[in-house]
Amino acid sequence: MSGVIDWLHHDTAGLLLLCLVAIALLLFLIIKIKLEPFISLLATGLFLALAAGLNVRTIVGTALKSSDSVLEKGFGGILGHIAVIIGLGTVLGALLEKSGGADVLSRRLLKLFGPKGTPVAMGLVGLIFGIPVFFDIGIFVLAPLVYVAAKRGGKSLVLYALPVLAGLSMTHAFLPPHPGPTAVAGLLHVDMGWLIIIGLACGLPAFAVAGILWPLYIAPRVPVTVPEEFVAAEVEGEEKPEPPLGLVMAVILLPLVLILGATFGTLILDPHRDLLSFLTFLGNPAVALLLAVLLAYYLLGVRRGMTNAEFSELSSNSLKPVGMILLVVGAGAFFGAVISATGVGAALAKSLSSAGLPVLLLAYVISCGLRIAQGSATVAIVTTGGIVGPLMTDQGYSQAHLALIAAAICAGSIILSHVNDGGFWIVAKYFNMTVKETLLTWSVLETILSLVGFGMASLLWVII
C-alpha cells in the first residue's frame, strides 16, 4: 500500500492520474450533483491536496496563522488582481446601459450602413457595447433593437441577432474587464495591455467570420419571425433621451486607451522618465477603469439628472451577480495553486516535453473539453489556467506568448455552447428559436468563434 501511495505522490504517472481523477470529480460534482461550481472547485482542490500528500499546515495553515496557506494564497492572489477590475467594469457597463448609450450607438450605425448593411451595423453594436457590458446584460439591452431591425428588414431574425451575439460573445471571451480574460491574465501573469492587443488580434477575425459571414449563410436556411409582442416592448425604449455618441465612445474606449498607453510606454520610453511613471499609473487597469467610471458617473449620470441615491442603487444592483463570479474564480485559482504545490504541474510539463505537445494546443484542448462537459466558460477558463499556469514557470515565455496562451484558453472556453450552458437558453428565449434552431445557429457561431480565434493564436505564435 505504501508503494502505491509513494507512486501517486512522486511519480509523474501517479501525479497525472491524481490530476485526472480530480478533474473527473469536479465534472461529476458540477454536472451530476448540480453543486455550485465554487463549492465544487473548492472541494476538488482540497481532495487533490490531501490525496497528493500535502500536509495540513501547507493546505490550510494553523489555527493561529493561515495567511501562508495554499488555500488563502490561492484565493487571495487572484482576487487581489481581478476583483477591482471586474467590479468597476460592471458599474461602467451599468452606467452606459442606463444612459441609453446602446440606443444612440445602434441608431447611428444603422443610419451609417443603411438597410442593406443593417446586419453589419448590428454586429458592430454588439462588438462595441460588449466591451464594458456582460454578455447576458448585453442581450437584455440590445434584443429590442434587434427586433425592430428585423421587423423593418423583413428577413429572418437570425440575420440580425447573430451579428450582435457574435460581438457580445467575442468581447466577453477575449477582452478585459470581462471575468474570463481578466482571471486568466492573473493566473498566467499576463500584462493587461498585451491581453487586449492579442485579444483583438485573435477576436476580430473570429468576429468577422462568425458574426458577418456565418449569419449571411445560415439566416436564409433558418427562417425565424419576430413575434408582435417582442416589438411592442421596444416602443418605450425609443423615447429615452440620447447621450452624444462621441461621449459614449469616449467612455467605452478610455480604459483601453490608457491601458495600452502604459503597455506601449513600457516598450519605448526611458524607464527613468516621469512620463513613463505617469502613463503606468493611469494605465493600471484599476485606475483606468476608475477614471472611466467617474467620467461616466458625471457626464452620463449627474449632468443628465441622476442623483447620488440612484447611482448607489444602480451600482448595488449591478454588482450583485459579481459575488459568485469572484468566488468561482477564487476557487479555481486555489485549485491551480494545489496543482502547483503538489507537483502535478511539473509532472505535466515533463510529460509535455517528452511528447512534444505544444502548450498552446494543450491549453486549448483542455479548455474545450471542460467547456463542452460542464457548460460554464468561466469554470473552463479558471480550471484550465490552474492546470496550465504551473507550466509557464521558468519557461522564459514573453508577454506576447503568455497572452497567446491566455487567448487559446479563452477561445476554448466558448466552443460548442449547447443545452448545459445558460447562455444557450437565453439566446433561444430572446430570439424566438427552438432548440434545434439554436443549435444550428448559435452553437455553430460559438464554435466558429472558438476555432478561428485559436487559429489566429496559432498563427501569431509562429510569427511572434
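Residues numbered from 1 in each chain as written. Predicted model: local features only at pLDDT ≥ 70, side-chain atom pairs only at ≥ 80, totals over all residues. Heavy atoms only, no water.

Trainee: Tell me about the overall build of the protein chain, and name the residues and values.
Mentor: Per the secondary structure count, the protein chain includes 23 helices and 0 strands. For 464 residues, the compact-globule formula gives about 23 Å, and the C-alpha radius of gyration of the protein chain, at 23 Å, lands near that figure. Referenced to the eigenvectors of the C-alpha coordinate spread, the extents of the protein chain come out at roughly 75 × 55 × 45 Å. Taken across its 464 residues, the protein chain has 55% of its residues classed as buried. Within the protein chain, residue pairs in contact and separated by at least 24 positions form 80% of the contacts whose partners lie at least 6 positions apart. Only carbon and sulfur atoms are counted for the fraction: they give 68% of the accessible area of the protein chain, which is about 19600 Å². Measuring between centres, the 23 positive side-chain charges of the protein chain sit 5 Å from its 24 negative side-chain charges. (Helix = DSSP H or I, 4+ residues; strand = E, 2+ residues; numbered from the N terminus. Rg over C-alpha atoms; globule rule 2.2 N^0.38 Å. Buried < 20%, exposed > 50% of the residue type's maximum accessible area, 1.4 Å probe, protein only. Contact = heavy atoms within 4.5 Å. Areas by Shrake-Rupley, 256 points an atom, 1.4 Å probe, with all protein chains shown as cover. Lys, Arg positive; Asp, Glu negative; His and termini not counted. Charge placed at Lys NZ, Arg CZ, Asp CG, Glu CD.)

Trainee: Explain the environment of lysine 32 to me, using residue names and the numbers behind them.
Mentor: Along the chain, lysine 32 falls in helix H2 (residues 12–32). Overall, lysine 32 belongs to the exposed group, its relative accessible area being 62%. Sequence separation between lysine 32 and glutamine 374 is 342 residues, and the spatial gap between their C-alpha atoms is 9.8 Å.

Trainee: Residue-level account of the confidence of the model for the protein chain, with values.
Mentor: Of the residues in the protein chain, 95% reach a pLDDT of 70 or more, and the chain-wide mean stands at 87. Note on residues 233–238: pLDDT under 50 across the span, and 8 contacts to partners over four residues away in sequence or across chains. (pLDDT = per-residue confidence, 0-100.)

Trainee: Explain the nonpolar core residue by residue, including any values.
Mentor: Membership of the largest hydrophobic core comes to 158 residues, with the highest contact counts inside it found for Leu95, Leu142, Phe174, Ile405 and Phe431. Here this core takes 13 residues from helix H9 (residues 157–174), the largest share from any one element. (Core = buried A, V, L, I, M, F, W, Y, C linked by side-chain atoms within 4.5 Å.)

Trainee: So what's going on with unusual backbone geometry? Which residues, and what values?
Mentor: The linkage connecting proline 176 with the following residue, proline 177, adopts the cis geometry, with an omega of 10°. By secondary structure assignment, the location of proline 177 is in the loop between H9 and helix H10 (179–188). Even without glycine at this site, leucine 416 takes up a positive phi of about 50°. Within the secondary structure, leucine 416 is located in the loop between helix H21 (399–412) and helix H22 (422–430). Located in the positive-phi region is asparagine 432, a residue other than glycine, with phi close to 55°. When you line up the elements, asparagine 432 lands in the loop between H22 and helix H23 (435–463).

Trainee: Describe the environment of glutamate 36, and please don't skip the residues or the numbers.
Mentor: Here glutamate 36 lies in the loop between H2 and helix H3 (37–51). Classification of glutamate 36 by relative accessible area gives partly exposed; the value is 40%. For the pair glutamate 36 and valine 328, spaced 292 residues apart in sequence, the C-alpha separation works out to 8.7 Å.

Trainee: A description of helix H17 (residues 322–342) should follow, citing residues and the corresponding values.
Mentor: The end-to-end C-alpha distance of H17, which contains 21 residues, comes to 30 Å, matching closely the 30 Å that a straight helix rising 1.5 Å per residue would cover. Most of H17 sits out of view: 15 of its 21 residues are buried. (Expected span 1.5 Å × (residues − 1).)

Trainee: Tell me what's going on with the side chain of serine 367, and back it up with residues and numbers.
Mentor: Tracing the chain through its elements places serine 367 in helix H19 (residues 359–374). Residue classification places serine 367 among the buried positions, given a relative accessible area of 0%. At a separation of 3.1 Å, a polar atom in the side chain of serine 367 contacts the main-chain amide nitrogen of serine 413. (Polar contact = N/O pair within 3.5 Å; in protein donor to acceptor, adjacent residues only side chain to side chain.)

Trainee: Give a detailed account of the side chain of threonine 44, specifying residues and quantitative values.
Mentor: By the secondary structure assignment, threonine 44 is in helix H3. Of the polar contacts made by the side chain of threonine 44, one reaches the backbone oxygen of serine 40; its length is 2.7 Å. Ignoring anything within four residues of it in the chain, the contact list for threonine 44 reads Ala22, Leu25, Leu26, Leu29 and Phe335.

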